[in-house]
Amino acid sequence: MSLTVAAITFGIVFLAELPDKTALASLMLGARYRASYVFAGIAAAFALQVGIALLAGHLLSLLPHRWVEGVTGALFLAGAAMLLFHGGDDEDGHAAKEPSANSFWKVAGASFVVVAIAEFGDLTQIMTANLAAKYADPLAVGLGAWLALCAVAGIAIVGGQKLLKHVPMKMIVRVAAGVMVLMAGFSIFQAITG
């Protein structure tokens, strides 16, 4: 397992997830229920979604190397465009169904369902699949992506409102989009030069 690949994955996914609707859902759930219960459900949902992304990345990696680089570059550009044009605009988040009781299983279960649905086909899941195809190190990519997603959820649950007081959402979106454009350029360059 490459720690460099895990760190790159962590950085990219962390920045892309900050302005995401899942962070808002985590903030909302954390404000209503015990943080540890919410985090347990969210972490389990992220593990499921990262697993699905790694499988998709493996299938993508079966293509010829130049094709993988080209597809990865195009998807990174599309992700950057999505962040720039839609990042931070989703104020409503995903409404969670109120658990009937504040038990661990009810709260963690509701948190799991909300995040599993919100993350399905999400930008960070697509990016994780791209990174898995690009680096062919699923353990490093999976660990980096899962830790990044859990870190953002933890920040959102515990101190999301404080972060947004110091770092404007537009800045976070622009930094994440910039990183994705750089990754797209590198992948497209690799596709052209072979």
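Residues numbered from 1 in each chain as written. Predicted model: local features only at pLDDT ≥ 70, side-chain atom pairs only at ≥ 80, totals over all residues. Heavy atoms only, no water.

This part is about the packing of aromatic side chains. Centre distance and the angle of the planes are the two values used to describe a pair of aromatic rings. In the structure shown here, the tally under the stated rule is three aromatic pairs. On the numbers, 5.2 Å between centres and 85 degrees between planes, the contact of Tyr37 with Phe104 is edge-to-face. On the criterion of sequence distance, the pair formed by Tyr37 in helix α3 (residues 35-61) and Phe104 in helix α5 (residues 104-119) is long-range, its members being 67 residues apart. Note on Phe104: relative accessible area 31%, which makes it partly exposed. Plain terms: the ring middles of Phe104 and Trp105 are 5.0 Å apart, the flat faces sit at 80 degrees to each other, and that makes the pair edge-to-face. Residue Trp105 is classed as exposed on the basis of its relative accessible area, which comes to 71%. Within the aromatic cluster, the residues linked to one another by ring pairs are Tyr37, Phe104 and Trp105. (Phe/Tyr/Trp six-rings, centres within 6.5 Å; stacked < 30°, edge-to-face > 60°. Helix = DSSP H or I, 4+ residues; strand = E, 2+ residues; numbered from the N terminus. Buried < 20%, exposed > 50% of the residue type's maximum accessible area, 1.4 Å probe, protein only.)

Let's shift gears to the confidence of the model for the protein chain. Taken over all residues, the pLDDT of the protein chain has a mean of 77, while the share at 70 or more is 79%. Here helix α4 (residues 65-86) stands out as the element of the protein chain with the lowest mean pLDDT, 69, in contrast to helix α1 (residues 3-17), whose mean of 90 is the highest. Confidence drops under a pLDDT of 50 for residues 88-97, and excluding neighbours within four residues, the segment shows 16 contacts in the predicted structure. (pLDDT = per-residue confidence, 0-100. Contact = heavy atoms within 4.5 Å.)

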